[in-house]
Amino acid sequence: SADSLLTTDHVRYISPDSNGKFFPGNKLTKAKAAQMIYNLLAEKPAEKTWCKDVTESTTNGTAIGTLLYLGVASANDDGYFYPTKNITKGELQAMLDKALGKEPSASGSTATITRGAAVRLINQALGRDKTDQNTILKGDRIRPFTDVVTTSTYYYDIMEASIGHVSDIAEDG
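Scoring rules and cut-offs
- Residues numbered from 1 in each chain as written.
- Predicted model: local features only at pLDDT ≥ 70, side-chain atom pairs only at ≥ 80, totals over all residues.
- Heavy atoms only, no water.
- Axes fitted to C-alpha atoms, helices over the stretch in contact; angles between N-to-C directions.
- Helix = DSSP H or I, 4+ residues; strand = E, 2+ residues; numbered from the N terminus.
- Parallel < 35°, antiparallel > 145°, perpendicular 65-115°, else oblique.
- Left-handed = near helix turned anticlockwise from the far one by under 90°.
- Contact = heavy atoms within 4.5 Å.
- Nonpolar A, V, L, I, M, F, W, Y, C, P; charged D, E, K, R; others polar.

1. Some remarks on the packing of helix α4 (residues 115-125) against helix α6 (residues 155-162)
Point 1. Look at α4 against α6: their axes get within 9 Å of each other, and the N-to-C directions meet at 65°. Judged by the angle between their axes, α4 and α6 are roughly perpendicular. Crossing hand, α4 versus α6: left-handed. Seen from α4, the contacting residues are G116, V119, R120 and N123; seen from α6, they are D157, I158, E160 and A161.
Point 2. When its residues are assigned to classes, the contact of α4 with α6 shows 3 nonpolar, 2 polar and 3 charged.

2. Overview of the environment of K89
Point 1. Locating K89 in the fold gives a position in helix α3 (residues 89-99).
Point 2. In sequence terms K89 and A111 are 22 residues apart; their C-alpha atoms lie 6.0 Å from each other.
Point 3. Ignoring anything within four residues of it in the chain, the contact list for K89 reads S109, A111, I113 and L121.

Bear in mind that shape data such as this cannot, by itself, settle questions of function.
Quick look at the structure:
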């Protein structure tokens, strides 16, 4: 549904694994992509839609079922979602567009996307890519992930996505 993603409240939508890692260079699965978008929903409806390979007990099942219900995600023609399959940049962009109430582009990139690049894409879609880098660097050097160093290509994007904060945007933009 339109405007179903939080764009003003910059909530945390990614978290480290049990070892404190994010693996920004790894490919992003459809299940993990669904979880990131689910974490950004302003309202999380109780209703879910299930498909052949996604139930409540599936890893990230609640997130996937909710996005299927909202029409943000969809099963393939064969009735399967394929949660462990790597998502393409085009598929992720289409899910973001639908979640933001936009018409998804007919042609999207069929290349798979890394976890770091996906976070950057999501931040851009939500207008969360304007973070002042000095603010992050002057902070307490919060390092929620042991494998994301300050020199990482996606360091700022990942910090933006992993630390909940309120964004102050001046009246002139």
